[in-house]
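Structural features, examined
Listed below, chain by chain, are the residues.
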Amino acid sequence: MSAKDKKIMVIGGGIAGLTAAWELSRFNIDVELIEKTPFLGGYAIQYCCKATDECRQCGACTVEAMLKNVVNEPKIKVHLATEVEKINNSGRFSVDLKKSSYKPDLSTEGVIRGYSKNNSPLHVIVDKEKCEGNPDAVPEGAVELDTMGFSGKFDVDAVILASGFKPFDAEQKGTYGYKKFPNVVTGMDLERIIRENATVVRPSDGKTAQKIAFIQCVGSRDERLGHLWCSQVCCPYALRMAEIIKHKNADAEITVFYMDIQNVGKDYAGFYEKCKTEFRFVRNIPVDVFPMENDSLSMRYMNEEDGLCINEEFDLVVLSVGIVPGPDNSNLSDLFDVGLNEDGFFTGIDKLNSTSTLKDGIFLAGTVAGPKDIAASMAHAGQAASEVIKHLGVS
Amino acid sequence: MTDMKHTGMEEINIATDVLVLGGGLTGIKAASEIAGSGYKVILVEKDPELGSQKGPESLIGLEEEYKGLQDLEDKIKTDSNVEILTQASLVSAAGVTGDFTARLSKGEEVIEHNVGAIVVATDFATGALNEKYGLSPADNVLTQSQMDELLASEADKEKLANKTVAFLVGLGQEGNPLVLERVLRSVLALQEIDGCDVYIYAGELKVASNGLERMYKESREKGAVYFKLTEKPEIIENGKTISFFDTVARRDIEILPDFIVVEEELRADQLNEEIAEILRINVGPSGFLQNDNVHFFPVRSNREGIFVAGSTREISGLPSAWTDVENIAVEVRDLLGDGKKSVAKNKAVVDETKCVICLTCYRCCPHGAIYWGDKKAIISPVACQGCGICASECPMDAIQIGGFDDGAMNEEVKNGVVSGNGMPRIIAFCCQNSGFEAGEMADIFKMQVPDGLRMIKVPCAGKIDLDYILNAFVAGADGVMVMACHPGNCKSENGNTYAQWRVNDAYRMLEEVGLEKDRLCFVGTASNMGSGFSSIVVDMEKRINELGLSPLK
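Note that the structure is predicted; figures quoted are calculated from it, not measured.

**What about the overall build of chain B?**
- Counting its regular elements, chain B contains 15 helices and 29 strands.
- Its C-alpha atoms put chain B at 90 × 65 × 40 Å along the principal axes.
- Expressed as a percentage of contacts within chain B between residues at least 6 apart in sequence, the contacts between residues at least 24 apart total 72%.

Next up, the structure:
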């Protein structure tokens, strides 16, 4: 059958959705790409490059490249600030779309900017009142959020759910003082700090941090939260960012509090050995963070050698937050009648085919189906595209 | 070959048969998917048997999927689109993507096949780590594979009733989730046996795979005891006693196990190296066949049309091998299509009057895209990625890259040195995959960039001739920058290395003419780091300001 009349809807414009859409477009298949925020790229487009004097294989640059592919591909129609309202399955899927309920953080400026130069529009006005009386506040080409979003309907032959994940909300672990103490940041915050400044600075004073602690498994492998999974990405991003800090400032003292360090990259044993010579690893997860003078922070942990408790001060504490199911999973599960697993992620029909679902014509790509890094999300999206092509019978 | 006039494109015919190396489950799946897309597949296996008989370790945890795998195996044997060659191996592979000539040996016979693409699907091998723990093989000392075998037999299982079993994992190697999954599955199976007590001595628990944390928790709830250590416990009398100092309880803890189970390492197939040599693809970390380069992930090799699946490229269980195979199916479809391919005519053009067939290009092409005829080197338009490393390395200047020919590049250099009011004039040669993208980002995001900076786009830093750099100085540039991808991130693998060498050559020449070294720099940049680009170019301008304008002006 020809690909000419085939149309696929991809829900979610993060790295998995972008990849799935682009892979399908290579076969002349029309794609409707739905993204609920005003920007494509999801979380992955916000990550910094983690190269020191060599590439560390984080894959952040591949997200930028994929976004560029997608925005230049006429077979892919992008609908920003849009979400699915209704879906009707009668052979093909008849989809009703509406303007999304996306609301930016209240604390933001009147205008928000995309994370990539390939975002179009690059600037979105989210609060006109905040911009009033200040013409400089509104860059050229900025679009009002109120005017964005697509209401309407179309028919598609299959749907790929690629709505992604949510970074764990560190405020749920109240004793770490996230958002109370300025120098307690999450891994996600640190990604943005490095991407904006090309170096690591303390939020409180913009100065270089000298003594830095990374706390692993924040929100992951946590029985009390019922999060019985390893997020798979936090050890890699934490150690890679710690390497950047050390590379920029050889005197920086870095401590990593951990349970079990997970492998980073293909040459994981060599990389970990290198990290061990540069950072201090403490196999203990501190519970409390206390504020000190100059916005420094104190933490209490047990010393493995003598079993005694130690109080130690740090300039900056990084909470390595993990991956939790996306906020739309339960809604999407209802809309598409595809079940979630006990952790709240979608699952495929079996372990080998993790992109097809029990529902004919509905497929999964990326972290919507459980924790994955960038490379794994892209590979999963490629697998989903392959299954879709088979489903359509395109030759 | 049909010319498609006025378009700069031509259509060529390519072979659409596909060679799959490795008849394990991954190879079978690859053959099945590719045959399913309508291409003929030649599946080559060195052993007499195909499939699940070959690597039972890879079946771990796939009880529910096992039936489907058997069906797949049966199906492939009767698929008329799949030719199976067992007890066979690859002898040589000439040519390029779309037109490989593979010679296969089977017994005395040598079979030749013309194929468009090649898939490598070898399995991982297991290796005992007893020596790492100072343990010799004995009735009470088992490898993980031996434990798997015991647990697979109902009769043998009974021997484990009322026994104490100790596992050693993550202390003899760094390990990975698949190693841990094998241990966790054995532990859970032992817990089904009456009176069986299980202790696990573990280094780092590599739980970074779906479901492992839950299995870890389940086994603990059922009574398994995990000792998480940073060094090996003391093992006495070949495993009769295991002892270590517990830092929390502040005392020695001693266990007398009936059986001690030693973790195994999972390593690359020993055939990999030979295959890599024949196919001219790179061997990455630990003998797996893929460079540690994000642009190759998931399934590409350094050569177009040669793909790597599953445990060929890294240790992987069948679920991720399946993901790889589906990605390969998409790639193969896209590459081979209906056997007709439209390619750019001027991607890389060899001038017959200049080429002396010295084969410098053949040797330096990272994509294995070059071969030679009677009169000149030939660059395959299907395999060529247009990086231009060959063009810059060619001692006869016989190769030109479409859109980046030397005349146009030097013109751009000359025009790039703009006259300014005493501000430093900086020429930045930027790889289109990194420096150029970052520069555009800095510009669009209104980050600080010197007024006298001009970016010149190149397809890869490997296309930056020594001449371009020197010409920029001759034209009056006060500073020249080479902005490449970071080492390990070059899409053409070592284009940035060539660029670094040429910059080093240029340093020597600058020294000879008495120009300061600081006027030239080589930096790694990333496409998504406009801030990094900005800080690098601002620093460069500062350095030039300290040196003053170029005396060559």
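**Examining the overall build of chain A**
- Each helix and strand in chain A was counted, giving 8 helices and 21 strands.
- In terms of C-alpha radius of gyration, chain A reaches 22 Å, essentially the compact-globule figure of 21 Å for 395 residues.
- Overall, the C-alpha framework of chain A stretches about 70 × 55 × 40 Å when taken along its three principal axes.
- Evaluated residue by residue, chain A yields a buried proportion of 54% over its 395 residues.

**Description of the interface of chain B and chain A**
- The interface is formed by 52 residues belonging to chain B together with 54 residues belonging to chain A.
- Sorting the residues of the side of chain B that touches chain A by element identifies α6 (212–221), α8 (318–336), α12 (435–444) and α15 (530–547) of chain B as the ones contributing at least two each.
- Here the element with the most residues in the side of chain B that touches chain A is α8(B); it accounts for 9 residues.
- Among the residues making up the side of chain B that touches chain A, the classes are represented as 21 nonpolar, 16 polar and 15 charged.

**Digging into the environment of B:Y468**
All names here are of chain B.
- Tracing the backbone through its elements, the reader meets Y468 in helix α13 (residues 466–474).
- Each C-alpha atom, one on Y468 and one on K414, is 9.7 Å from the other, the two residues being 54 residues apart in sequence.
- Non-local contacts of Y468, meaning those with residues more than four positions away in its chain, are made with M409, N410, V413 and F429.

**Topic: the sheet that holds strand β27 (residues 453–458) of chain B**
All names here are of chain B.
- Taken together, the 4 strands give an open sheet; going across it, the order is β27-β26-β28-β29, and neighbouring strands pair in parallel fashion. Since the sheet does not close on itself, it has two edges, and those belong to β27 and β29 (520–525), each with one partner. Neighbour-to-neighbour, the strand axes of this sheet turn through a mean angle of 20°, independent of strand direction.
- For strand β28 (residues 479–485) and β29, the ladder comprises 6 bridges, and the chain directions are parallel. Of the residues in β29, the one forming a bridge with V482 is F522.
- Sheet strands touched by α13: β26 (426–431), β28 and β29. Its angle to β28, the strand with the most contacts, is close to 150°.
- Running over the sheet, helix α14 (residues 495–513) touches β28 and β29 and is turned about 165° from β29.

**Quick notes on unusual backbone geometry**
- Of note, the amide linkage connecting A:S120 to A:P121 takes the cis form, showing an omega dihedral of 0°.
- Following the sequence through the fold, A:P121 ends up in the loop between β6 (111–113) and β7 (123–125).
- For the peptide bond that leads from B:F297 to B:P298, omega is -5°, which places it in the cis range.
- Relative to the assigned elements, B:P298 resides in the loop between α7 (272–279) and β20 (306–308).
- Residue B:N162 is not a glycine yet carries a positive backbone phi of 60°.

**What to know about the confidence of the model for chain B**
- Averaged over every residue, the pLDDT of chain B is 94; the share at 70 or more is 97%.
- Predicted complex, confidence summary: ipTM 0.96, pTM 0.96.

**As for the sheet that holds strand β9 (residues 152–156) of chain A**
Residues and elements named next belong to chain A.
- Judged by pairing direction, the sheet is antiparallel, and its 3 strands sit side by side in the order β4-β5-β9 without closing on themselves. This sheet does not close on itself; its edge strands, each paired only once, are β4 (82–90) and β9. Here the strands of the sheet are splayed against their neighbours by 25° on average, with no regard to which way each runs.
- Two strands pair when backbone bridges link them, and β4 and strand β5 (residues 92–99) are joined in this way by 8 bridges, in the antiparallel orientation. Counted as the bridge partner of K86 is D96 from β5.

**Considering the environment of A:D127**
Residue and element names in this part refer to chain A.
- By the element assignment, D127 lies in the loop between β7 and α3 (128–131).
- Among the residues examined, D127 registers 16 C-beta atoms within 10 Å and is labelled partly exposed.
- Residues D127 and E109, spaced 18 residues apart in sequence, show a C-alpha to C-alpha distance of 7.6 Å.

**Looking at the packing of α13(B) against α14(B)**
Residue and element names in this part refer to chain B.
- Their axes nearest at 9 Å, the elements α13 and α14 cross at an angle of 40°. What the angle tells us is that α13 and α14 run oblique. Where α13 crosses over α14, the two elements pack in a sense that is right-handed. Along the contact surface, α13 presents L466, I469 and L470, while α14 presents R502, D505, A506 and M509.
- Taken together, the residues of the contact of α13 with α14 sort by class into 5 nonpolar, no polar and 2 charged.

Rules used throughout
- Residues numbered from 1 in each chain as written.
- Chains lettered and ligands numbered in written order.
- Predicted model: local features only at pLDDT ≥ 70, side-chain atom pairs only at ≥ 80, totals over all residues.
- Helix = DSSP H or I, 4+ residues; strand = E, 2+ residues; numbered from the N terminus.
- Contact = placed C-beta atoms within 7 Å.
- Rg over C-alpha atoms; globule rule 2.2 N^0.38 Å.
- Buried ≥ 20, exposed ≤ 12 C-beta atoms within 10 Å, placed from the backbone.
- Nonpolar A, V, L, I, M, F, W, Y, C, P; charged D, E, K, R; others polar.
- Pairing = 2+ DSSP bridges.
- Axes fitted to C-alpha atoms, helices over the stretch in contact; angles between N-to-C directions.
- pLDDT = per-residue confidence, 0-100.
- Parallel < 35°, antiparallel > 145°, perpendicular 65-115°, else oblique.
- Left-handed = near helix turned anticlockwise from the far one by under 90°.

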